[in-house]
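# A look at the structure
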Amino acid sequence: MYTQALDLPENAPVKAVSGVIDDPARLARFDKTMEDDGRIEPQDWMPEAYRKTLVRQISQHAHSEIVGMLPEGNWISRAPSLKRKAILLAKVQDEGGHGLYLYSAAETLGTSRDQMVDALHSGRAKYSSIFNYPTLTWADVGVIGWLVDGAAIMNQIPLCRCSYGPYARAMIRICKEESFHQRQGYENLLTMMRGTPAQQAMVQDAVNRWWWPVLAMFGPPDADSPNSAQGIRWGIKRISNDELRQRFVDATVPQAQVLGVSLPDPDLRWNEEHQQHNYGAIDWDEFWATVNGNGPCNKERLATRVKAHAQGQWVRDAALAHAEKQRQRAMKEAA
Ligand SMILES: [Fe+2]
Ligand SMILES: [Fe+2]
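Bear in mind that the values here come from a model prediction, so they are computed numbers and not experimental data.

Definitions and limits used
- Residues numbered from 1 in each chain as written.
- Chains lettered and ligands numbered in written order.
- Predicted model: local features only at pLDDT ≥ 70, side-chain atom pairs only at ≥ 80, totals over all residues.
- Heavy atoms only, no water.
- Donors = N, O, S within 2.8 Å, 3.2 Å for Na, K, Ca; no water.
- Tetrahedral: all angles 85-135°; square planar, octahedral: opposite > 155°, others 65-115°.
- Helix = DSSP H or I, 4+ residues; strand = E, 2+ residues; numbered from the N terminus.
- Buried < 20%, exposed > 50% of the residue type's maximum accessible area, 1.4 Å probe, protein only.
- Phe/Tyr/Trp six-rings, centres within 6.5 Å; stacked < 30°, edge-to-face > 60°.
- Lys NZ or Arg CZ within 6 Å of the ring centre and 35° of its normal.

With that out of the way, let us pick up the coordination of the iron ion (ligand 1). Summarising the metal site, the iron ion (ligand 1) is bound by the protein donors Glu 95 (OE), Asp 149 (OD), Glu 178 (OE) and His 181 (ND1), whose distances to it range over 1.9 to 2.2 Å. Because the angles between the four donor atoms bound to the iron ion (ligand 1) fall within 86 to 160 degrees, the donor set is best described as irregular. A distance of 3.4 Å spans the gap from the iron ion (ligand 1) to the iron ion (ligand 2), which Glu 95 bridges by coordinating each metal. Taken together, the residues Asp 149 in helix H6 (residues 138–156) and Glu 178 in helix H7 (residues 165–193) connect sequence positions 29 residues apart. Across this residue pair, the class does not change: Asp 149 and Glu 178 are buried.

What follows is the structure, encoded as structure tokens:
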């Protein structure tokens, strides 16, 4: 997963790097590449602010992928059938893979994985606010696939054309896998909606709880999103938060009708004049409270992540020891 809300300011905001003056000739070449909608690769010169913006966005994205494994991971041991367990295992594993591609892409900008993981674990780095909501029933697993991964796709397809090559290439593969995530979620919900009244009520309850946080995933309204214009100029962001949110609403309403669930918004209606749906006001206070660490599960998610990292120390130690052994063997053979 996930998203535009990925370019939120960190606790320590990114500023222009003091003392570093971008060389005018190189800056002009960079600007021309941007104008021509070209690509920047790791070995190319880039302005420090572009590099920092990308590190912030790609690392937030990577963190979101691996924190996003947690709410659904909670249900692997309780999946209702072997088939659902296999699907969910594959999906959660995909998210771990997305985190790996993205950490690797961010590393090409000169920031180490250790630095990024440390920023996440110490609470300095952000991840998508959506993963701070609890998964109370099995229907939440379906709704996350349908709505959360669905919103992620809407956000991420334009990133396949991002001006930074390694990020764009990582996104192509990620988007293919996200499409599977969205479909498995929707199919899970369709099956439940053909089931008992209790199962149908479970789906409706999950939709009611996730709908508004999912709309907030697209990030603050364009008017309150000062980083967006620069992101668009740099070819990092292609489509505005509000436009993506609108596309998501328009795509999702007919899917909800097929499913037979209602969306919890009394103001949601088709606007004939604009050929799109009107929708109600999003609670931005709740969004910012969650982003700033006070959502329902922020502390639990971070604690689980830190614990998993600590418990995996022996794996990293063993991998390093093995690599060292291989290196020594290779040296001996070469001698
Ligand atoms: Fe996903
Ligand atoms: Fe993902």
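What follows deals with the packing of aromatic side chains. One pass over the full model with this rule turns up ten aromatic pairs. Between the aromatic rings of Tyr 50 and Trp 234, the centroid separation amounts to 5.6 Å while the plane-to-plane angle is 90 degrees, which identifies the pairing as edge-to-face. Note that Tyr 50 is positioned in helix H2 (residues 48–67) and Trp 234 in the loop between helix H9 (227–233) and helix H10 (241–259), a separation of 184 residues in sequence. An identical accessibility class is assigned to Tyr 50 and Trp 234; each is buried. The structure contains a cluster of three or more aromatic residues connected by ring pairs, namely Phe 30, Trp 45, Tyr 50 and Trp 234. Lying across the ring of Trp 75, Arg 78 places its NZ or CZ 3.9 Å from the centre.

What is shown is where atoms sit, not what they do.
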